[in-house]
Amino acid sequence: MAKQSDEKTKGKLPGEARVVIIGGGIIGCSTAYHLAKLGWKDIVLLERAQLTAGTTWHAAGLIEAGGFFDATSVEMTRYTLELYSQLEKETGQSTGYKNVGMITLASTPDRLEELRRISAFGHEFGVPFEELSPKQVKELWPLAVTDDIQAGFYYPNDGRVNPIDVTMALAKGARMGGVQIFEETSVLGFVKDDKTVTGVFTDRGEIQAEYVVNCGGMWAREIGKLAGVNVPLQPVEHYYLITEELEGVHADLPVLVDPDNYSYLREEVGGILLGVFEPVSGPWALDGIPKDFTFGEINPDWDRMMPYVEQAMKRVPALKDAGIHKFFCGPESFTPDLGPMMGLAPELDNFYVAAGFNSLGILTGGGAGKVMAQWIKDGVSDVDVTEIDIARMLPFENTPKYLKDRAVELLGHMFEDAYPNKQFKRARNVRKSAFYARLADAGAYFGQYAGMEYPDWFAPKGVKPKVEYSWGRQNWFEYSAAEHRATRENVTMLDYSVMGKVLVQGRDAEKYLNRICANNIAVPVGRCVYTQWCNETGTIEADLTVTRIAEDQFLILSGDATITAVQAWLRRHIPSDAHAFITNISSAYSVLNIQGPKSRDFLSSITHSDMSNEAFPYLTMQEIDIGYALVKAIRVTYVGELGWELYIPTEFSSHVFDTLTEAGADFVLKHMGLQALNSLRLEKAYRDYGGDIDNTDTPLEVGLGYFVDFDKPGGFIGRDALLRLKESGLRYRMPQFLLEDPEPMLYYGEIIYRNGKPVGNIMSGGYGHTLGASVGVGPVENEGEPVTVDYIKSGSYEIDIAGVRYSARVSLRPMYDPKLERVRR
Ligand SMILES: Cc1cc2nc3c(=O)[nH]c(=O)nc-3n(C[C@H](O)[C@H](O)[C@H](O)COP(=O)(O)OP(=O)(O)OC[C@H]3O[C@@H](n4cnc5c(N)ncnc54)[C@H](O)[C@@H]3O)c2cc1C
């Protein structure tokens, strides 16, 4: 299998380059190819061995666009297919591209629903599919047993490539665009000037560089360490076997994916290649990747794999009699949340990463290279990167134990049902708030976000908090509904410690922060301001609140997974000589969120502070006493009710919790989890960054224009772009939808139809227990024309859920409490 690249640049390394790309696998070559396509010159790619010698050479070469449930992945894979299909023509280098199609089997009703939802989503992004009966699957794949399946989903554009050849074609295309590729050249370290890498050390000399891109595959973690950049990934064993020639197997056989049996099958020189994504997999090279691992293989443990091979033999009985030509095991990089790590490293200002492709590097490779090149060129990405941005990773995720423990389940997770709210099972109880044990006693079912355990919902007394996944109403539906109602009608308490907290302080804090914020944060001490941070193109980099806690101190509250990105953005936009200092104080405070119409009476019964509307208006902060503790109380809500978030110095957490729950007995205080929070906030159409809005949205188009202060002195980053947008008209708007039918469930990705035509998709949905049906938000477009209020209001809407269309009401104002009467009371 091992193949030397045809062309090798042996010459002297240049002393300087505009871009140095590290790694000659599919990702490095694709990034180089696309940068060259953008007209960039002076690009150097360094490969320690030969091109493809890492993971790329032994990939199975499946390429598909049909199986993804987020716009970025679908765009990347769809583009990859397009690129690979014409690369040979462009470069003269064959790619082994074969458009044989792919069939994914649904063996259970839940899988059927999942594939219907995913396929309908992909279809809107230009990925054709056909739902096949078991008989039709049998016709296309006569060797497969299809009696037990519900259906097959056929994606005619999918297929396979030869990973070595396609990488060589990208390398050739890159060279044709002027890229210099040096093999047998190892990167050993970096020269840095504060937050900039100025040079790359190699075993053949040093290259000064304007930009560095770490495409080092499973070595990217070590390369990251050399630069001081956090790249948490773990090599994991991945297995396939190839049989001798088999009758009935031919080169045009579609790829067959059988996720309920953890396997995929395709033709390979007249035999079958059977790959396995087993539920308990093997993290590899826990003590470091062997130095000489080049075109390397791992000693396979086939006993471990036999149960899955036997399952595959049931699906394709001809496998039983087939001779085995090759047992193969190779390593692939997996990340703790199964998303790739791409983009500008938050630690540095010119060091990009593209690594951790979770067994999808070939099929996303073309698109990933394109995304990287555009990102490097413009400094901001034009696709939603909230699930792929390397800045979401936290430092603890790079500990060997976390990586190893999580890695065990990652392969299997790829093929298991992608239920809503699906949680990882391993590497749990890693980060826990100070309330964890008390919440567990109260019946909490915990989810995990950014490694932090959070209460998702609470089981009533005597019921075990255990989730039963489904696409319909999951077993906790009624428990969460009760939490929702208690928040609307009475008072509830939510552990919200997962929030990221950053303090910006100093004489210049106001000046620089006000330039970063689209809203005006030059407010009196004690005011809390909801704002977006935009980039120069006017799209949203962060969505958060800023509370002025002193003349020279601002408390920033954001989602936990954006905490690193928030700090990096601040660092990059506050001059280093300014008198403004950024401190992550997330661990210094626990947070309890007290919400509901009775929250004032409840808190007033404990604190000596005046909680009245006059003394404590909406969007203000005061320090109040709770028992022996002083806590920062911010009157703010994410559920649309009267309420306060309490920021409690960590060491007082238990005391405050106990004081509140004790006093809460008289008020029938109930715990609330994040499922109820989501339902409540969706009824109010409050936005969720990374959920319904992302880095490609502008505040104006997603209905947050009210929070943009165009007139404040000094302006803000992105103002000009937003003014231009105002002038030219909004490309889309993001209304709220409520299904007329109270039964079906909205989650994500459901296609929105206006007057019978698709106009967008639901970005996040959930059940609105007060509104009495599923509620969601999603963008509505108008075939490239500006979208007016009238256009939204004048349409009649339906939403497609797994192939059935349901009529929906639409509103640009929140359907629940549009006048904010409940919030401001
Ligand atoms: C068995 C198996 C089957 C697979 N099948 C599929 C499939 O069907 N479809 C699919 O999409 N994906 C598949 N994958 C995954 C796919 O192979 C990877 O996602 C992809 O190859 C990763 O590419 P990469 O460029 O990130 O890494 P690599 O190919 O590993 O490239 C990184 C390169 O960096 C070089 N390097 C490392 N350190 C340095 C240094 N210090 N200096 C210079 N160079 C350095 C390495 O030598 C290496 O060549 C499979 C993986 C396995 C293991």
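Residues numbered from 1 in each chain as written. Predicted model: local features only at pLDDT ≥ 70, side-chain atom pairs only at ≥ 80, totals over all residues. Heavy atoms only, no water.

### Things to note about the packing of helix H1 (residues 26–37) against helix H2 (residues 71–91)
H2 packs onto H1 with a crossing angle of 75° between their chain directions and a minimal axis gap of 14 Å. In terms of orientation, H1 and H2 fall into the roughly perpendicular class. Facing Ile26, Tyr33, His34 and Lys37 of H1, the residues of H2 in contact are Tyr79, Leu83, Tyr84, Leu87 and Glu90. Tallied by class, residues from the contact of H1 with H2 come to six nonpolar, one polar and two charged. (Axes fitted to C-alpha atoms, helices over the stretch in contact; angles between N-to-C directions. Helix = DSSP H or I, 4+ residues; strand = E, 2+ residues; numbered from the N terminus. Parallel < 35°, antiparallel > 145°, perpendicular 65-115°, else oblique. Contact = heavy atoms within 4.5 Å. Nonpolar A, V, L, I, M, F, W, Y, C, P; charged D, E, K, R; others polar.)

### Details of helix H6 (residues 220–227)
By the burial criterion, the buried members of H6 are Ala220, Arg221, Ile223, Gly224 and Ala227. Looking straight down H6, one finds its buried side chains confined to an arc of 165°; they lie on one side. Buried positions along H6 lie against strand E1 (16–22), strand E9 (187–193), strand E11 (205–214), strand E18 (351–355) and helix H9 (400–415). Within two residues after H6, Gly228 carries a phi angle of roughly 75°, on the positive side. (Buried < 20%, exposed > 50% of the residue type's maximum accessible area, 1.4 Å probe, protein only. Arc of directions from axis to C-beta.)

### Here we look at empty space enclosed by the protein
On inspection of all chains with the given rule, the structure shows one cavity of 30 Å³ or more. Its boundaries defined by the atoms lining it, the largest cavity holds a volume of some 40 Å³. As for the largest cavity, its lining consists of Phe69, Arg117, Ala120, Tyr748, Gly749, Glu750, Ile751, Asp800, Ile801 and Ala802. For the lining of the largest cavity, the per-class residue count stands at six nonpolar, one polar and three charged. (1 Å grid on protein atoms, 1.4 Å probe; cavity = no way out; pocket = protein on both sides within 12 Å on 5 of 7 lines; lining within 4 Å. Points joined across faces, edges and corners; volume = space filled by probe spheres on them.)

### Some points on the environment of Gln448
Topologically, Gln448 is positioned in strand E19 (residues 444–449). Sequence-wise, Gln448 and Lys432 are 16 residues apart; in three dimensions their C-alpha atoms are separated by 9.5 Å. When sequence neighbours within four positions are dropped, the list of residues in contact with Gln448 reads Tyr402, Arg406, Gln423, Ala427, Arg428, Val430, Glu453 and Tyr454. One polar contact links Gln448 to Arg406, side chain to side chain, over a distance of 2.8 Å. (Polar contact = N/O pair within 3.5 Å; in protein donor to acceptor, adjacent residues only side chain to side chain.)

### A short note on the pairing of strand E36 (residues 764–768)
Of all five residues that make up E36, five are buried, and the element is covered over most of its length. Summarising the sheet, E36 and strand E37 (residues 773–777) pair through five bridges and their orientation is antiparallel. Looking at the pairing, Tyr767 lines up with Ser774 of E37. Hairpin connection, E36 to E37: the antiparallel pair is bridged by four residues, and Gly772 has positive phi, about 90°. (Pairing = 2+ DSSP bridges.)

### Focus: the site of the ligand
Taken together, 37 residues lie around the ligand, and Glu47, Thr56, Leu62, Glu332 and Leu363 are the ones closest in. A distance of 2.6 Å is found between an oxygen atom of the ligand and a side-chain nitrogen or oxygen belonging to Glu332. Leu363 places a main-chain nitrogen or oxygen 2.7 Å from an oxygen atom of the ligand. When the ligand is considered free in solution it has 1000 Å² of accessible area, and contact with the protein chains removes 97% of it. (Near = heavy atom within 4 Å. Areas by Shrake-Rupley, 256 points an atom, 1.4 Å probe, with all protein chains shown as cover.)

### Section: the sheet that holds strand E6 (residues 151–155)
Read across the open sheet, the eight strands follow the order E5-E6-E4-E13-E14-E15-E12-E16; overall the sheet is mixed. Each having just a single partner strand, strand E5 (130–132) and strand E16 (324–334) make up the two edges of the open sheet. Strand after strand, the sheet turns through a mean of 25° between neighbouring axes, direction not considered. Pairing of strand E13 (residues 255–258) with strand E14 (residues 263–268) involves three bridges; the strand directions are antiparallel. Residue pairing for E14: Asp258 is matched across the bridge by Ser263. With respect to the sheet, helix H3 (residues 109–124) is in contact with strand E4 (102–106), E5 and E6, its orientation differing from that of E6 by roughly 20°. Against the sheet, helix H7 (residues 302–315) engages E4, strand E12 (234–243), E13, E14, strand E15 (271–276) and E16, with an angle of about 50° to E12.

### Overview of the confidence of the model for the chain
Taken over all residues, the pLDDT of the chain has a mean of 96, while the share at 70 or more is 99%. Contacts of residues 1–7 to residues separated by more than four positions or lying in other chains number 16 contacts, the stretch itself having pLDDT below 50. (pLDDT = per-residue confidence, 0-100.)

### Re the pattern of salt bridges
Oppositely charged side chains can pair when the atoms bearing their charge come close. Using the criterion set out here, one finds 42 salt bridges in the structure. The partner of Arg438 in a salt bridge is Asp658, and the shortest N-O contact between them spans 2.7 Å. One end of the pair, Arg438, is in helix H10 (residues 436–441); the other, Asp658, is in helix H15 (residues 653–664), and 220 residues separate them in sequence. When its relative accessible area of 29% is taken as the criterion, Arg438 is described as partly exposed. The partly exposed category is assigned to Asp658, whose relative accessible area is 30%. Through salt bridges that share partners, Arg111, Glu114, Asp260 and Asp417 make up one connected network. (Salt bridge = Lys/Arg side-chain N within 4 Å of Asp/Glu carboxyl O.)

### Considering the state of the cysteines
Counted under the stated rule, the structure contains zero disulfides. Its sulfur unpaired, Cys528 is 11 Å from the next cysteine sulfur, which belongs to Cys517. (Disulfide = S-S within 2.5 Å.)

### Section: the nonpolar core
Ranked by size, the top nonpolar core spans 152 residues in total, and within it Phe190, Met342 and Phe351 carry the most contacts. Here this core takes eight residues from helix H8 (residues 361–378), the largest share from any one element. Other than its neighbours up to four places away in sequence, Phe351 contacts Phe190, Val197, Val212, Asn214, Ala227, Val229, Gly343, Leu344 and Ala345. (Core = buried A, V, L, I, M, F, W, Y, C linked by side-chain atoms within 4.5 Å.)

### What to know about the packing of aromatic side chains
Aromatic ring pairs are defined here through the distance separating the ring centres and the angle between the ring planes. Per the stated rule, a full pass over the model turns up 34 aromatic pairs. With centroids separated by 5.6 Å and ring planes inclined at 75°, the aromatic side chains of Phe616 and Trp644 adopt a geometry described as edge-to-face. With Phe616 in the loop between helix H14 (599–604) and strand E28 (621–626) and Trp644 in strand E30 (residues 643–649), this pair connects stretches of sequence that are 28 residues apart. When sorted by exposure, Phe616 lands in the same class as Trp644, which is buried. Linked through ring pairs, Trp57, Tyr240, Phe295 and Phe328 together constitute an aromatic cluster. Taking the ring centre of Trp40 as reference, the NZ or CZ of Arg18 above it sits at 3.6 Å. Sitting over the ring of Tyr816, Arg488 keeps its end group 3.7 Å from the ring centre. (Phe/Tyr/Trp six-rings, centres within 6.5 Å; stacked < 30°, edge-to-face > 60°. Lys NZ or Arg CZ within 6 Å of the ring centre and 35° of its normal.)

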